[in-house]
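What follows is the residue order along each chain.
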Amino acid sequence: MTEKVAVPGEFDRVARSYDLLSALNPGYTKHLRWSAERMELPEGARILDLCCGTGLSTEALKRAYPSAVITGLDASAGMLESARDKADLADVTWLLGNAMDPAAAGAHGPYDGVLMAYGIRNVPDPDLCLERVRRLLVSGGTLCLHEYSVAGSLWSKLVWNLVTMGIVIPLGLLFARTTTIFRYLRRSVLDFDSVGELEERMRKAGFTEVRSKTMVGWQRGIVHSFLAKS
Ligand SMILES: C[S@@+](CC[C@H](N)C(=O)[O-])C[C@H]1O[C@@H](n2cnc3c(N)ncnc32)[C@H](O)[C@@H]1O
């Protein structure tokens, strides 16, 4: 069972060290960029970055779609504060809110694309969240869930355990002075959907053309872009 953790509150505690820890993870930025590019959005697209955190996923969107109109939403005030500090994201609209109900925070859409990077695993009701996200998209709009999924593969679970216990949790303790969110990360990924289960969840929420692509490096078979059309 995943330990109960107040997720956005824990992200507040690690917000200042989040970008440094992400920089120490080879492939983190590149893989976000791949997910953004895999969305294949048109010029001037309206995009929602759901669970945008400190804006690393938002920067990936900005680089892939320089003329896009981007909104970033997150429930952690600390993470959003770091996002607001990024000069290259000065034209992004930032919203403090719950991914379970983006419209309540002012993210009414419609959007041509929604990217949710490391978000769907953390919300209390992923099915309801996906249904609401689909309603925010234009017909034929694109969803990309950039997410860990290891449940379907023994090898992926082994690598995940080695990386999190040997590197992520010790580095978290060193740089962020806490292990809570990193232990939660390890456990929540082990308990989360397999690739097939998450794809099925997306179909059940009404998405079509559901497909997934993985990454390279240690994240092969561990981090995936889950793509679909509304
Ligand atoms: C691992 S970070 C990912 C940030 C960013 N997308 C990235 O790829 O770097 C996950 C983010 O999800 C946010 N989050 C978790 N649960 C949330 C919820 N229910 N509503 C909104 N944001 C949430 C956290 O505050 C955190 O900033």
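Please refer to the structure higher up on the page.
Residues numbered from 1 in each chain as written. Predicted model: local features only at pLDDT ≥ 70, side-chain atom pairs only at ≥ 80, totals over all residues.

Describing the nonpolar core
The tendency in soluble globular proteins is for nonpolar side chains to be buried side by side. Short version of the rule: We define the nonpolar core as any set of buried residues of the types Ala, Val, Leu, Ile, Met, Phe, Trp, Tyr and Cys, connected via C-beta atoms lying within 7 Å of each other. Remark: C-beta atoms are placed from the backbone, and a residue is labelled buried if 20 or more other C-beta atoms sit within 10 Å of its own, exposed if 12 or fewer do, or partly exposed between those counts. This entry defines residue contacts through backbone-placed C-beta atoms, with two residues in contact when those atoms are within 7 Å.
Core analysis: the biggest nonpolar cluster contains 63 residues, and Ile47, Leu50, Leu61, Val114, Leu115, Met116 and Leu143 have the highest contact counts within it. In this view, Leu143 contacts Val114, Val133, Leu137, Phe207, Ala228 and Ser230; residues no more than four positions away in its chain are not counted.

A word on unusual backbone geometry
Worth spelling out the cut-off: Each helix is a run of H or I in the DSSP string that is no shorter than four residues. Each strand is a run of E no shorter than two, and both are numbered from the N terminus.
Here Gly109 and Pro110 are connected by a cis peptide whose omega angle stands at 0°. Here Pro110 shows up in the loop between strand 3 (93-96) and strand 4 (111-117). Phi is positive for Cys51, close to 65°, though the residue is something other than glycine. As for its position among the elements, Cys51 is in the loop between strand 1 (46-50) and helix 3 (56-64).

Focus: the pairing of strand 5 (residues 137-148)
If a strand is regular, its side chains alternate between the two faces of the sheet. Defined as follows: The pairing criterion for strands is at least two bridges between them, as found by DSSP.
The buried fraction of strand 5 is high, at 9 of 12 residues. One ladder, built from 6 bridges, connects strand 4 with strand 5; its direction is parallel. In the strand pairing of strand 5, Tyr111 is matched with Leu137. Where strand 5 lies against strand 7 (residues 223-229), 7 bridges are found, and the strand directions are antiparallel. Note on strand 7: the bridge partner recorded for Leu143 is Ala228.

With respect to the pairing of strand 3
So the rule is basically this: Here a crossover is taken to be right-handed if, once the strands point away from the viewer, the path from the first strand over the helix to the second is traced clockwise.
As paired strands, strand 2 (residues 69-74) and strand 3 are joined by 4 bridges and run parallel to one another. Looking at the pairing, Gly72 lines up with Trp94 of strand 3. Taken together, strand 2, helix 4 (residues 77-84) and strand 3 constitute a β-α-β crossover, and its handedness is right-handed.

Considerations on the site of the ligand
Counted only if it meets this: In this analysis, residues qualify as near a molecule or strand once their C-beta atom, positioned from backbone atoms, comes within 6 Å of it. All amino acids are sorted into three groups, where Ala, Val, Leu, Ile, Met, Phe, Trp, Tyr, Cys and Pro are nonpolar, Asp, Glu, Lys and Arg are charged, and the leftover types, Gly among them, are polar.
Neighbouring residues of the ligand: 21 residues in total, closest Cys51, Gly53, Ala75, Ser76 and Ala99. Put simply, the parts of the chain that give the shell around the ligand at least two residues each are helix 1 (7-23) and helix 3. Residue contributions to the shell around the ligand peak at 3 residues, all from helix 1. Grouping the amino acids of the shell around the ligand by side-chain chemistry returns 14 nonpolar, 6 polar and 1 charged.

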